[in-house]
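For reference, the chains in residue letters:
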Amino acid sequence: MTSPSPSHPVAPTLLCVPHAAGVARAFTGLGQALGPHARTVALELPGHGTRMREPVRDDFAEVLEDLVRATGAHTARPYVLLGHSMGAAFAYELARHWSALGRPPRAVLLVGRNGPTARSLLPDLHGLPDDAFLDGVRRLGGTPPQLFDHPELVALFTPVLRADFTLSETYTPLPGPPLGCPLWVSAGTDDPMVDDAGLRDWENHADGDVHVEWLPGGHFLLDDPAFQGYVAGVLRRLPQPVV
């Protein structure tokens, strides 16, 4: 009689949603750093990166629907959601969507974004004229400075930037119950877009545990070893499903 094979831990799929004007390859370093701890899948938004030929969208529900289609096949096995800045809003709503259908993530990592009902620390940019809008984007950092020196690149990327800032700055939580799975909220200590009260606001939108942690760095910290170590540590702390 053959004895049953031993159970083995299953590495989760880490589904990553980028920041405003971000692209999937922003998570390449994180995926390499995590190695076997997770199967990292970086999501590409319409009109960005490898999908640049598609129309960019500034309607939150439309982009969320696109992300639902992109993530559906991954929710049949253990998975974790990670969203950076604008992407945190989408990660949170994706988790609520799949939780309502009985496929909750094991955790959601929300990076560099205050909770949905926290006060805004910076003035909105999306409605400003182009010159003022681009100046505000430049001051936030994260966009390659050389982009602003080339009018053809400015013309190409301004619609993408404006659409994403519209998505990010006008987001309000969708109807429905708070999220029941654990939330891991983090930000860089030098990030001008967040504060402690704002990060704690995520507690008002969760029925499960909410862990808040400050890390060294600014707003754009995906490639920082401290952040990558933090993500690996979160994944190790999650209960391990087995097959």
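You'll find the structure just up there.
A few points on the structure. Everything quoted here is computed from the prediction, not taken from an experiment.

1. Considerations on the nonpolar core
One recurring pattern in soluble globular proteins: nonpolar side chains tend to sit buried together. Grouped together as the largest cluster of nonpolar side chains are 45 residues, with contacts concentrated most on L67, L81, F90, L94, V108, L110 and L183. If you list the elements that add at least two residues to this core, you get β1 (13-17), α2 (60-71), β3 (79-84), α3 (86-100), β4 (108-111), α4 (130-140), α5 (151-170) and β5 (183-188). Here this core takes 9 residues from α3, the largest share from any one element. What L94 contacts, discounting residues up to four positions off in sequence, is V17, L64, L67, V68, T71 and L81. One finds F27, V80, V231 and L238 within the second-largest nonpolar core, a separate group that totals 22 residues.

2. As for the pattern of salt bridges
Inspection of every chain in the model, using the stated rule, returns 11 salt bridges. R69 is the salt-bridge partner of E65, the closest N and O atoms lying 3.3 Å from each other. With a gap of 4 residues between them, E65 and R69 both fall in helix α2, about one helical turn apart. For E65, a relative accessible area of 48% corresponds to the partly exposed category. R69 sits in the exposed class, given a relative accessible area of 53%. One salt bridge connects R139 with D135, and the closest N-O pair in it is separated by 3.1 Å. Of this pair, R139 and D135 are both found in helix α4, 4 residues apart, which corresponds to roughly one turn of the helix. You can call R139 exposed: its relative accessible area is 62%. Overall, the relative accessible area of 32% leaves D135 in the partly exposed class.

3. A word on the pairing of β3
Judged by how many residues are buried, β3 sits mostly within the fold: 6 of 6 residues are covered. The alternating pattern of β3 places Y79, L81 and G83 and V80, L82 and H84 on opposite faces, both of which are buried. Where β1 lies against β3, 5 bridges are found, and the strand directions are parallel. In the sheet register, V17 faces β3, and the bridge partner there is G83.

Calculation notes
Residues numbered from 1 in each chain as written. Predicted model: local features only at pLDDT ≥ 70, side-chain atom pairs only at ≥ 80, totals over all residues. Heavy atoms only, no water. Core = buried A, V, L, I, M, F, W, Y, C linked by side-chain atoms within 4.5 Å. Buried < 20%, exposed > 50% of the residue type's maximum accessible area, 1.4 Å probe, protein only. Helix = DSSP H or I, 4+ residues; strand = E, 2+ residues; numbered from the N terminus. Contact = heavy atoms within 4.5 Å. Salt bridge = Lys/Arg side-chain N within 4 Å of Asp/Glu carboxyl O. Pairing = 2+ DSSP bridges.

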